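Take a look at the letters that make up each chain.
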Protein chains: 2
Amino acid sequence: MTTGRASRRPTRQQQAVADILGQSADFASAQALHGRLREAGETVGLATVYRALQAMADAGQVDVLRTDDGEAVYRACEPGHHHHLVCRTCGRTVEVEGPAVETWTDRVAAEHGFIDVTHTLEIFGTCADCARGASAS
Amino acid sequence: MTTGRASRRPTRQQQAVADILGQSADFASAQALHGRLREAGETVGLATVYRALQAMADAGQVDVLRTDDGEAVYRACEPGHHHHLVCRTCGRTVEVEGPAVETWTDRVAAEHGFIDVTHTLEIFGTCADCARGASAS
DNA sequence: CTCAGAATGATAATCGTTGTCAACTCGGTG
DNA sequence: CACCGAGTTGACAACGATTATCATTCTGAG
């Protein structure tokens, strides 16, 4: 059978989006990424940025989460399941793993008769630098 | 001393929103709640529903979370910190507690020097009823 | 080189949510 | 009880993020 690759035909624009994502260590919104691409001289339409991000999200190549005000933010992440520890001041992001959490969610879900279980877990806080230098000029 | 009550002046509309929330066992969007109020014969403006929900959310009287497509959904919940196990088919919601998870997130955050930590955790799955009857035409 | 189909991009459309502002209500006062 | 000031309401406009549309362009294969 055909390989599982649901990837679209490779194009310069998709490559550009993937590159910009790879350069950023933190989560960024689709519009922010689009803006950065324009600054970098890349000519990519906003709609294309959205499509590329969706495609990569579907393929599991990027993580997506929603800010409190409902905006979607994206980030290129290590493959595999993990969670994020995000500084709410500077946006710094740390990927964390928690086998215990995975086990716990599965067990709780099973206890209630749920199957085909997934979960989302994000941790927000203030990182050491921001806590210390919050008053920095 | 002035109580911490940031609550607004009590009105019929706010009561109506609180009531409708109390009757629903599952998460519902602001617009869905507004629709239900109209069906119930209550005359409440959509903007007022949003304001009432925000006020209750600020007061910690309701839980808010975002669906995958960014829509905010609300539910009247037990006070205190807890998480949700939601059936992605029928929407049934179970409140769950996980002291172990709380501990884990705090520890992980501390290890990375983060302070003032909060977290969000939601579990999605298919409940027993939906799993069984999923093949229904 | 040429073709078919997929991808792009500018724009319009959609949807949820928030802001605006005149009219209204509440609760207390004289 | 009538009145008052401030907080609320509600209809509608405004807004921002995302998605759909559709003619044009590009990719890879033959």
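In the nomenclature of an unreviewed UniProt entry, chain A corresponds to Peptide ABC transporter substrate-binding protein from the organism Intrasporangium chromatireducens Q5-1. Of chain A, the UniProt comment under Subunit (unreviewed entry) reads exactly: "Homodimer." What UniProt states about chain A under its Sequence similarities (unreviewed entry) heading is, verbatim, "Belongs to the Fur family."

### Some words on the environment of Thr89 of chain B
Residue and element names in this part refer to chain B. Tracing the chain through its elements places Thr89 in the loop between strand E4 (83-87) and strand E5 (93-96). Distance in space between the C-alpha atoms of Thr89 and Gly125 is 8.1 Å, their sequence separation being 36 residues. Not counting residues up to four positions away in its chain, the partners in contact with Thr89 are Thr126 and Cys130.

### Side note on the interface of chain A and chain B
Between chain A and chain B, the residue contacts involve 37 residues of the former and 36 residues of the latter. Together chain A and chain B conceal approximately 2900 Å² of surface at their shared face, both sides included; 68% is due to carbon and sulfur atoms. Where chain A packs against chain B, one counts two salt bridges. For the side of chain A that touches chain B, the secondary-structure elements that each account for two or more residues are strand E4 (83-87), strand E5 (93-96), helix H4 (99-111), strand E6 (115-126) and helix H5 (128-133) of chain A.

### Section: the pattern of salt bridges
Residues and elements named next belong to chain A. According to the stated counting rule, one finds 12 salt bridges over all chains in the structure shown. Of the charged contacts, one joins Asp129 and Arg132 as a salt bridge, the two residues approaching to 3.8 Å between their closest N and O atoms. Taken together, the positions of Asp129 and Arg132, both in helix H5 and three residues apart, correspond to about one turn of that helix. We classify Asp129 as partly exposed; its relative accessible area is 48%.

### Things to note about the sheet that holds strand E1 (residues 28-29) of chain B
Residue and element names in this part refer to chain B. Strands sit in the order E1-E3-E2 across an open sheet of three strands; the sheet is antiparallel. The sheet is open, and its two borders are formed by E1 and strand E2 (62-66), each paired with just one other strand. As paired strands, E2 and strand E3 (residues 72-76) are joined by five bridges and run antiparallel to one another. In the sheet register, Val62 faces E3, and the bridge partner there is Ala76.

### Topic: H4 of chain A
Residue and element names in this part refer to chain A. If you check H4, its first and last C-alpha atoms are 18 Å apart, about what 13 residues at 1.5 Å a residue would give, namely 18 Å. Burial in H4 covers these residues: Val101, Glu102, Trp104, Thr105, Val108 and Ala109. With its buried residues spanning 165° around the axis, H4 presents them on a single face. H4 presents Pro99, Ala100, Thr103, Ala110 and Glu111 as exposed residues on the side facing more than 90 degrees away from its buried surface.

The rules behind each value
Residues numbered from 1 in each chain as written. Chains lettered and ligands numbered in written order. Predicted model: local features only at pLDDT ≥ 70, side-chain atom pairs only at ≥ 80, totals over all residues. Heavy atoms only, no water. UniProt positions renumbered as here; feature names shortened; annotations may be inferred. Helix = DSSP H or I, 4+ residues; strand = E, 2+ residues; numbered from the N terminus. Contact = heavy atoms within 4.5 Å. Buried area = accessible area lost by both parts, 1.4 Å probe. Salt bridge = Lys/Arg side-chain N within 4 Å of Asp/Glu carboxyl O. Buried < 20%, exposed > 50% of the residue type's maximum accessible area, 1.4 Å probe, protein only. Pairing = 2+ DSSP bridges. Expected span 1.5 Å × (residues − 1). Arc of directions from axis to C-beta.

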